[in-house]
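Understanding the architecture of this molecule
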Amino acid sequence: MLPTASLSRKTTLLLTASLLVFSLVACGSSVSTAPASSASSALESAATDSLLRQVKTQIREATDKGSLGSLKQARTWAKQATGGDRAALAHYYAALADYRMSNRLPESDEDRRERVIEDAIGHLKRATEINGTMADAWALLSGCYGQMMGMNPMQGMSLGPKANEAMKRAKEHGPNNPRVWIIDGTSDFYTPGMFGGDKEKALTKFKKAARLAEQASPNDPLMPSWGHAEAHAWVGVAHMEAERYDPARTAFETALDLNPDYGWVEKVLLPKLEEKQS
């Protein structure tokens, strides 16, 4: 079951403790200024971390279930954390929630999808301004530019170079980041051949992402870690597009082994494969 809209008990307790420290200082308590400042800073940092942990979990579960409402709530929580010491990461998660929402909205609702992607781009620009070495933010920014071009092909002349530059930065700072290669692969997959797209080239990148994800072990649990099951799902999509149905099924089953709650594979991709094979 998805987390509720209320803050977690841990976050609430941390915020309450932080307010208590401020109250003691304001009332002339014997607590000295420097320790109080240090304590309140530590509590605020812990509260931000707790909130971002909840955001990360909510985005993952909402993506699995395809819940737009839960993705919106995750975006709201992430925006609340953009003023803290994890600002770049908070902006990234707000954008990731937008990115996931845009993929759930119907293609006919272009105005809404465009607003969501514009919001994501704004957050990712801010994230890369704060932390210019954040490969995940650069890669997602490239993907969002790509989505915007898909909705507005006439903007390709201006957005194409921006997408390429963002992906270049992503690879510079995260050459072994599986999410970089997933997003780069989707660009090759959806770009028309006359403009350099290549579905077999995309498959190579998806396979690379799957290998890298298997080896990945993030030191910070708050940092992005999605992509292992998704890489295999995209491997399956590329095989299915080429009518290689057996390897496609193997890839989809691997994705479900890694994430049994993966709704996109279970409810969309596997039924589509069954239809093609019938």
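Computed from a predicted structure; not experimentally measured.

1. Section: the overall build of the protein
Within the protein one finds 12 helices and 0 strands. Ordered by position from the N terminus, the helices and strands of the protein form the series α-α-α-α-α-α-α-α-α-α-α-α. When the 278 residues of the protein are sorted by exposure, 47% land in the buried category. For the protein, long-range pairs separated by at least 24 residues make up 64% of all intrachain contacts whose partners lie at least 6 apart in sequence. For the protein, the computed accessible surface area is about 14,100 Å², with 53% contributed by carbon and sulfur atoms.

2. What to know about the pattern of salt bridges
The tally for this structure, following the rule as stated, stands at 14 salt bridges. Between R75 and D98 there is a salt bridge, with the nearest N and O atoms lying 2.7 Å from each other. Placement of R75 in helix α3 (residues 68-80) and of D98 in helix α4 (residues 87-104) is noted, with a sequence separation of 23 residues between them. The residues R75 and D98 share a single accessibility class, namely buried. A salt bridge links R179 to D136, with the nearest nitrogen and oxygen atoms 2.6 Å apart. Residue R179 is located in helix α8 (residues 178-190), and its partner D136 is located in helix α6 (residues 135-151); the two are separated by 43 residues in the primary sequence. Each of K171, D184, D188 and K205 takes part in one network of salt bridges that share partners.

3. Overview of the packing of aromatic side chains
Evaluated as defined, the whole model comprises 7 aromatic pairs. Geometrically, the ring pair formed by F206 and W234 is stacked, given 5.4 Å between the ring centres and 25° between the ring planes. With F206 in helix α9 (residues 199-215) and W234 in helix α10 (residues 228-241), this residue pair connects regions lying 28 residues apart in the sequence. In this structure, F206 and W234 share a single accessibility class: buried. Sitting over the face of the ring of W226, R100 holds its NZ or CZ atom 4.6 Å from the ring centroid. When the ring centre of F189 is taken as reference, the NZ or CZ atom of K199 above it lies at 4.9 Å.

4. Quick word on the nonpolar core
In terms of nonpolar packing, the biggest core is built from 76 residues, with Y92, Y93, L140, F252 and V265 touching the most fellow members. Considering every element that reaches this core, the biggest residue donor is α4, with 11 residues. For F252, the residues in contact, after removing those within four places along its chain, are A233, G236, V237, M240, V265, L269, L270 and L273.

5. Topic: the side chain of N259
Along the chain, the position of N259 falls in the loop between α11 (245-258) and α12 (263-277). A polar atom in the side chain of N259 sits 3.0 Å from the side chain of D64. When near neighbours in sequence (up to four residues on either side) are disregarded, N259 contacts D64 and A229.

6. Here's the deal with the side chain of N177
Within the element layout of this structure, N177 appears in the loop between α7 (156-173) and α8. According to the relative accessible area criterion, N177 is buried, its value standing at 9%. Among the polar contacts listed, one links the side chain of N177 to the side chain of D136, at a separation of 3.1 Å. Leaving out residues up to four positions away in the same chain, N177 has contacts with A135, D136 and L212.

7. Quick word on the environment of D184
Its place among the elements puts D184 in helix α8. Each C-alpha atom of the pair D184 and S142 lies 8.2 Å from the other, and the pair is 42 residues apart in sequence. The contact partners of D184, leaving out residues within four places of it in the chain, are M167, K171 and K205.

8. Comments concerning α12
The end-to-end C-alpha distance of α12 is 20 Å, a good match for the 21 Å that 15 residues give at a rise of 1.5 Å each. At L269, α12 shows its largest bend, some 30°, and a proline, P271, comes one to four positions later. Among all positions in α12, only G263, V265, L269, L270 and L273 are buried.

Parameters and conventions
- Sequence order as written defines residue numbering, which begins from 1 separately in each chain.
- Owing to the predicted nature of the model, reporting of local features is limited to residues with pLDDT of at least 70; listing and counting of side-chain atom pairs is limited to 80 or more, with chain, interface and lining totals taken over all residues.
- Each side-chain value is worked out from all heavy atoms of the structure, with water and hydrogens disregarded.
- Every helix listed is a DSSP run of H or I at least four residues long, and every strand listed is a run of E at least two residues long, numbered separately from the N terminus.
- Under the scheme applied here, a residue whose accessible area is under 20% of the maximum for its type counts as buried, over 50% as exposed, and between as partly exposed, the area being computed with a 1.4 Å probe on protein chains only.
- Contact definition: two residues touch when any of their heavy atoms are within 4.5 Å.
- Surface accessibility follows the Shrake-Rupley procedure with a 1.4 Å probe radius. Residue values consider only the protein chains on display as shielding.
- The salt bridge criterion pairs a side-chain nitrogen of Lys or Arg with a carboxyl oxygen of Asp or Glu, the two atoms within 4 Å.
- Ring pairs shown here join Phe, Tyr and Trp side chains whose ring centres sit within 6.5 Å, with only the six-membered ring taken for Trp; geometry is labelled stacked below 30 degrees between planes, edge-to-face above 60, and tilted in between.
- Only when the NZ of Lys or the CZ of Arg is both within 6 Å of the ring centre and within 35 degrees of the ring normal is a charge said to sit over the ring.
- Among the buried residues, those of types Ala, Val, Leu, Ile, Met, Phe, Trp, Tyr and Cys that are joined through side-chain atoms within 4.5 Å form a nonpolar core.
- For this analysis, a polar contact is any N or O atom pair within 3.5 Å, provided that within protein one partner can donate a hydrogen and the other can accept it, and provided that sequence-adjacent residues contribute only side-chain to side-chain pairs.
- Expected helix span is computed as 1.5 Å times (number of residues minus one).
- In this analysis the local bend is the angle between axes fitted, respectively, to the seven residues ending at and the seven residues starting at the residue.

Function cannot be read off these values alone, since they describe shape.
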